[in-house]
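# Close look at the chain arrangement
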Amino acid sequence: MSWYKNLLSSSLGRKLIMAVLGLFLTLFLLVHLAGNLQLLINDGGFMFNRYADFMSHNPLIEFVAIFTFLSFALHSLVGFILYFKNKKARPTKYAKVHSQSYSWTSNNMTILGMLILVFLVFHLKNFYYQYKFGEVPQQGYAVFKADGHREVYPSANAEDAKKYIRQNFPAEENNFQFKTYKNLYLVVETAYQELWYVIFYVLAMALVAFHLWHGFASGFQTIGVRHPKILPLIKALGYIISIGIPLGFAIIPIYMHLK
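Residues numbered from 1 in each chain as written. Predicted model: local features only at pLDDT ≥ 70, side-chain atom pairs only at ≥ 80, totals over all residues. Heavy atoms only, no water.

## Details of the packing of helix 2 (residues 11-36) against helix 8 (residues 195-222)
Describing two packed helices takes the angle between their axes plus the distance from one axis to the other. Helix 8 packs onto helix 2 with a crossing angle of 125° between their chain directions and a minimal axis gap of 9 Å. Classed by the angle they form, the pair helix 2 and helix 8 counts as oblique. Crossing handedness for the pair helix 2 and helix 8: left-handed. Every residue of helix 8 that contacts helix 2 at K15, L16, A19, L23, T26 and L29 is listed here: V208, L212, F216, G219, F220 and T222. The residue makeup of the contact of helix 2 with helix 8, split by class, is 8 nonpolar, 3 polar and 1 charged. (Axes fitted to C-alpha atoms, helices over the stretch in contact; angles between N-to-C directions. Helix = DSSP H or I, 4+ residues; strand = E, 2+ residues; numbered from the N terminus. Parallel < 35°, antiparallel > 145°, perpendicular 65-115°, else oblique. Left-handed = near helix turned anticlockwise from the far one by under 90°. Contact = heavy atoms within 4.5 Å. Nonpolar A, V, L, I, M, F, W, Y, C, P; charged D, E, K, R; others polar.)

## As for the packing of aromatic side chains
Using the criterion set out here, one finds 24 aromatic pairs in the structure. Taken together, a centroid distance of 5.5 Å and an interplanar angle of 90° make the contact between W196 and Y197 edge-to-face. One aromatic cluster is present, built from ring pairs that chain together F119, F122, F127, Y192, W196, Y197, F200 and Y201. Seen from the ring of Y131, K182 lies directly overhead, with NZ or CZ sitting 5.1 Å from the centre. (Phe/Tyr/Trp six-rings, centres within 6.5 Å; stacked < 30°, edge-to-face > 60°. Lys NZ or Arg CZ within 6 Å of the ring centre and 35° of its normal.)

## As for helix 7 (residues 184-191)
Working note: α-helix, 3.6 residues per turn, so residues spaced by three or four point in the same direction. Burial in helix 7 covers these residues: L184, Y185, V187, V188 and A191. For helix 7, the angular spread of buried residues about the axis comes to 160°, placing them on one side. In the core, the buried residues of helix 7 are packed alongside helix 3 (46-57), helix 5 (109-133), strand 3 (176-182), helix 8 and helix 9 (231-258). (Buried < 20%, exposed > 50% of the residue type's maximum accessible area, 1.4 Å probe, protein only. Arc of directions from axis to C-beta.)

See below:
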């Protein structure tokens, strides 16, 4: 276990932990965005609620979720340790050096991380905790095919759905599935009706963009990816990710609020 202790006790080891966890969390954000974009589908929340139900009942996904929470916690903790260690090592500020490596983002990664952590706690309480432990109403859906296309009809119960299908798609009266899920879509939709929360969410995504702008490329450099032919590609990909991921997340509350 000496290598493990050395990894945690050395500055280089802590930076390596930060980099690996940061890159993993970036991948998590991409997957999470793919799931959240289903909120934009005009189907009464069927696809999003089905996705949430799958994510909460799949043992492998549950394990990954716990690992992700622990990664967030460890990433934040090691970030704080590095910040205070560096502050203690140089109690007086260096003179500002105007160079290509100097940027406001790279010098304020910990502050950005702290603000993102505050948003994350608030966000998890409103959605994840509410879904897992709060009172979330059930929503039924009748799923059937009409003219070769899948139709989804939000309904209180199977009898109501059958009546609707009989009146509008008589040929499909007995060819439908009725599924019920926790209506997380309604929870999200209700939250995004509040303008202050939309603004708060969008500002948080701006912080994420700044954090990723420096963190993505820096993470690869820390784990040893420094080849002059590869590094420009990683930086370019980092810029795309740092804009694309937060923008994708920010579009969702804006669209749902305006809708």
